[in-house]
Amino acid sequence: MRKRLKRDFFTQPTLKLANDLLGKFIVRNWRCKKIVGEIVEVEVYKGPKDRASHSFGGKITKRNRIVYKEGGYIYIYLCYGMHWQLNIVSFLKGKPECILLRALEPKINNLHKKTNENFTNRKSYTLKFPGAHGKLVDVYNLANGPGKLCKYLKLNKSFYGEDLTRSKRIWLEDRGVRIKSSNIIAAKRVGIDYAGYYWSRRKWRFYIKNNPFVSFPRLTSKS
DNA sequence: GTACAGATTGAG
DNA sequence: TCAATCTGTACT
């Protein structure tokens, strides 16, 4: 089952959509190949009340204007001058809310077939496969963070405003995976302590329980 | 025009 | 623990 997700999926209320995104597949058409990943970790930004959101206070800028559209568009921006961050605009037109994709479980063709010859199974979480230039790449470190995720999917500024329901180079699919709510962990968002006690402690980061592909952010302060 | 901080990452 | 690297935003 491979069903492309349509507008009605993306216009769901943001917190509901965030939970529904877990287990969905993101597909990137790149040079006649498909780069695929299963979404395993997301984070909600619910402006204009949310102090951590780029649309806090109803602010509209050239950068964030896309989040005022209805759900299904891509909001992508550069962070720290070098890392792209992929967000999916959610909910209704005029509601500036979005969901940051933080980690994917990469789906690589013939992963298991190749395992016998080229893969080395070391510790529990170090599965490796030969990358583009013959170099060994750790699958678990390929898309376990918002910046690395964009690198894996080969995304850049040109995807700003891309419509996930129509685009020929990137879209989302339902492949029949269902994540039970008891297997979804809600946690504090990452890297937004500047938003103050109330907003930074909201548990709007969601990830699949026990999934080894989620990001492991360093603890900068007490959790 | 200028100053500054940031929804991160990988190296030391 | 720290620097890389650039753009939006809020000032002068």
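Along each chain, residue indices are assigned from 1 in the same order as the chain's sequence is written. Here every chain gets a letter starting at A, and every ligand a number starting at 1, in the order they are written. Only residues with pLDDT of at least 70 get local features here, since the model is predicted, and only at 80 or more are side-chain atom pairs given and counted; chain-wide, interface and lining totals rely on the full set of residues. Only hydrogens and water are removed before side-chain values are computed, so all heavy atoms of the structure are retained for them.

**Quick look at the overall build of chain A**
Rules: By the criteria applied, helices consist of DSSP H or I runs no shorter than four residues and strands consist of E runs no shorter than two, each listed in order from the N terminus. Burial classes: relative accessible area under 20% of the type maximum marks a residue as buried, over 50% as exposed, and values in between as partly exposed (1.4 Å probe, protein chains only). The contact criterion used is simple: two residues touch if any of their non-hydrogen atoms lie within 4.5 Å. Only the protein chains shown count as cover for residues, and the accessible areas themselves come from Shrake-Rupley with a 1.4 Å probe.
Along its length, chain A carries five helices and 11 strands. Evaluated residue by residue, chain A yields a buried proportion of 48% over its 223 residues. When contacts within chain A are restricted to residue pairs at least 6 apart in sequence, those whose partners lie at least 24 apart make up 61%. If you sum the accessible surface of chain A, you get close to 12600 Å²; carbon and sulfur atoms cover 52% of it.

**Here we look at the confidence of the model for chain A**
Spelled out, the test is: For every residue, the pLDDT score states the predictor's confidence, bounded by 0 at the bottom and 100 at the top.
Per-chain confidence: chain A averages 88 in pLDDT, with 87% of residues scoring 70 or above. With pLDDT under 50 throughout, residues 219–223 is counted as low confidence; its partners more than four residues away or in other chains account for three contacts.

**Focus: the pairing of strand 3 (residues 33–46)**
Quick note on the threshold: When DSSP finds two or more bridges between two strands, those strands count as paired.
By the criterion of burial, strand 3 is predominantly enclosed, with 11 of the 14 residues buried. Examined bridge by bridge, strand 2 (residues 25–30) and strand 3 share six bridges and lie antiparallel to one another. Looking across to strand 3, one finds that isoleucine 26 is bridged to glycine 37. What sits between strand 2 and strand 3 in their antiparallel hairpin is a turn of two residues, with arginine 31 showing a positive phi close to 50°. For strand 3 and strand 6 (residues 97–107), the ladder comprises 10 bridges, and the chain directions are antiparallel. Bridging from a neighbouring strand, glycine 37 pairs with proline 106 of strand 6. Where strand 3 lies against strand 11 (residues 205–208), three bridges are found, and the strand directions are antiparallel.

**Side note on a positive patch on the surface**
Note the threshold: For patches, a residue must show more than 30% relative accessible area and have no salt bridge; joins then use 9 Å for like charges and 5 Å for nonpolar side chains, namely Val, Leu, Ile, Met, Phe, Trp and Tyr. Note on definitions: salt bridges are taken to be side-chain nitrogens of Lys or Arg within 4 Å of carboxyl oxygens of Asp or Glu. Only four residue types enter the tally: Lys and Arg on the positive side, Asp and Glu on the negative side; His and the chain ends are excluded. Charge positions come from single atoms, namely NZ of Lys, CZ of Arg, CG of Asp or CD of Glu.
Together, Lys62, Arg65, Lys69, Lys93 and Lys157 make up a positively charged patch on the protein surface. Looking at the element boundaries, arginine 65 is found in the loop between strand 3 and strand 4 (74–79).

**Focus on the pairing of strand 11**
Summarising the sheet, strand 10 (residues 184–187) and strand 11 pair through four bridges and their orientation is antiparallel. Opposite alanine 186, over in strand 11, you have phenylalanine 206 as the bridge partner.

**Topic: the nonpolar core**
In summary, soluble globular proteins display a tendency toward joint burial of nonpolar side chains. To be explicit about the condition: Side-chain atoms within 4.5 Å are what join buried Ala, Val, Leu, Ile, Met, Phe, Trp, Tyr and Cys residues into a set we call a nonpolar core.
Grouped together as the largest cluster of nonpolar side chains are 57 residues, with contacts concentrated most on Leu21, Val42, Leu86, Leu101, Leu153 and Leu172. The residues touching leucine 21, leaving out its near neighbours within four places in the chain, are Phe9, Ile39, Val42, Ile88, Ile99, Leu101 and Leu172.

**Quick notes on helix 2 (residues 14–21)**
For the record, the criterion: Read the arc as the range of directions from the helix axis to the C-beta atoms.
Of all the positions in helix 2, only Thr14, Leu17, Ala18 and Leu21 are classed as buried. For helix 2, the buried positions fall inside an angular range of 105° around the axis, keeping them on one side. One or two residues past the end of helix 2 sits glycine 23, with phi positive at roughly 95°.

**Observations concerning helix 4 (residues 146–153)**
Residue pairs spaced three or four apart in an α-helix point in one direction, given the helix's 3.6 residues per turn. Burial analysis of helix 4 places six of its eight residues in the buried class, which makes it a mostly covered element. Within helix 4, burial applies to Pro146, Gly147, Leu149, Cys150, Tyr152 and Leu153. The elements touched by buried residues of helix 4 are strand 2, strand 3, strand 4, strand 5 (83–89) and strand 6. Following helix 4 by one or two positions, lysine 154 has its phi on the positive side, about 55°.

**Quick word on the packing of aromatic side chains**
Where we set the bar: Only centres within 6.5 Å qualify two rings of Phe, Tyr or Trp (six-membered ring in Trp) as a pair; their planes then separate them into stacked at under 30 degrees, edge-to-face at over 60, and tilted for everything else. Consider the ring centre and the ring normal. A charge sits over the ring if Lys NZ or Arg CZ is within 6 Å of that centre and within 35 degrees of that normal.
Under the definition given, this model contains six aromatic pairs. Aromatic pair tryptophan 199 and tryptophan 204: ring centres 6.1 Å apart, planes at 50°, arrangement tilted. Taken together, the aromatic side chains of Tyr75, Tyr77 and Tyr160 make up a single cluster linked through ring pairs. One cation-aromatic arrangement involves lysine 154 over tryptophan 30; the distance from NZ or CZ to the ring centre is 4.5 Å. Seen from the ring of phenylalanine 159, arginine 169 lies directly overhead, with NZ or CZ sitting 3.8 Å from the centre.

**A short note on the environment of lysine 46**
Position of lysine 46 among the secondary structure elements: in strand 3. Judged by its relative accessible area of 25%, lysine 46 is partly exposed. The spatial distance from the C-alpha of lysine 46 to the C-alpha of aspartate 193 is 16 Å, given a sequence separation of 147 residues. For lysine 46, the residues in contact, after removing those within four places along its chain, are Leu15, Ser53, Glu97 and Trp204.

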